[in-house]
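Structural features, examined
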Amino acid sequence: MSKLTDFLKLFKWDTTNVSDLSSQFNIDKSLNENWDKIDGFAEALDDRTTSNEDKISKSETEYTELQEDLDALTIK
């Protein structure tokens, strides 16, 4: 019986299983589905990174605006 990896649940052949060893290679199952999962995982990471970068940029802008407001209020 074939296996799945622990984290991404990618398909892999069980080389200790006679059935897997004697079965015909399936490109869709062995390669295409795995690549789609990897690509989807990478896209999700990219989305999270972009989202975090946007939050940091917004925070930096807000900080700068608050600092400018504080500087304007400071009596010189």
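Above: the structure in question.
Residues numbered from 1 in each chain as written. Predicted model: local features only at pLDDT ≥ 70, side-chain atom pairs only at ≥ 80, totals over all residues. Heavy atoms only, no water.

1. Topic: the overall build of the protein chain
Worth spelling out the cut-off: Every helix listed is a DSSP run of H or I at least four residues long, and every strand listed is a run of E at least two residues long, numbered separately from the N terminus. Each radius of gyration reported is based on C-alpha atoms, and the globular scaling rule is 2.2 Å times the count of residues to the power 0.38. A 1.4 Å probe rolled over the protein chains alone gives each residue an accessible area, and that area as a share of the maximum for its type sets the label: buried under 20%, exposed over 50%, partly exposed in between. Pairs of residues are marked as contacts when any of their non-hydrogen atoms sit within 4.5 Å. Only the protein chains shown count as cover for residues, and the accessible areas themselves come from Shrake-Rupley with a 1.4 Å probe.
Check the secondary structure of the protein chain and you find two helices and two strands. For the protein chain, the sequential pattern of α-helices and β-strands runs β-β-α-α. Scaling as 2.2 N^0.38, a compact globule of 76 residues should have a C-alpha radius of gyration of about 11 Å, whereas the protein chain reaches 25 Å, well beyond that. Along the first, second and third principal axes, the C-alpha atoms of the protein chain reach 85 × 20 × 10 Å. For the protein chain, buried positions account for 9% of its 76 residues. Of the contacts formed within the protein chain by residues at least 6 apart in sequence, a portion of 23% connects residues at least 24 apart. In the form shown here, the protein chain has an accessible surface area of approximately 6,700 Å², with 56% of it arising from carbon and sulfur atoms.

2. Some remarks on the side chain of Asp14
The criterion, for reference: Polar contact is defined as a pair of N or O atoms within 3.5 Å, subject to the rule that within protein one atom must be able to donate a hydrogen and the other to accept it, and that residues adjacent in sequence are counted only when both atoms are side-chain atoms.
Inspection of the secondary structure assignment puts Asp14 in the loop between strand S2 (11–12) and helix H1 (18–22). On the basis of relative accessible area, Asp14 is assigned to the buried category, the value being 10%. Among the polar contacts made by the side chain of Asp14, one reaches the side chain of Thr16 at a distance of 2.6 Å. Non-local contacts of Asp14, meaning those with residues more than four positions away in its chain, are made with Met1, Ser2, Lys3, Asp20 and Leu21.

3. A few points about the packing of aromatic side chains
Heads up, the condition is: Any two rings among Phe, Tyr and Trp, with Trp reduced to its six-membered ring, count as a pair given centres within 6.5 Å; such a pair is stacked if its planes are under 30 degrees apart, edge-to-face if over 60, and tilted if neither.
Taken as a whole and assessed by the stated rule, the structure comprises three aromatic pairs. Residues Phe11 and Trp13 carry aromatic rings whose centres are separated by 5.0 Å and whose planes lie at 85 degrees to one another, so their mutual orientation is edge-to-face. Overall, Phe11 belongs to the buried group, its relative accessible area being 11%. Exposure remark for Trp13: the relative accessible area of 30% places this residue in the partly exposed category. Taking the centre distance of 6.4 Å and the plane angle of 40 degrees together, the rings of Trp13 and Phe25 count as tilted. Taken together, the positions of Trp13 in the loop between S2 and H1 and Phe25 in the loop between H1 and helix H2 (27–73) put the pair 12 residues apart, joining distant regions of the chain.

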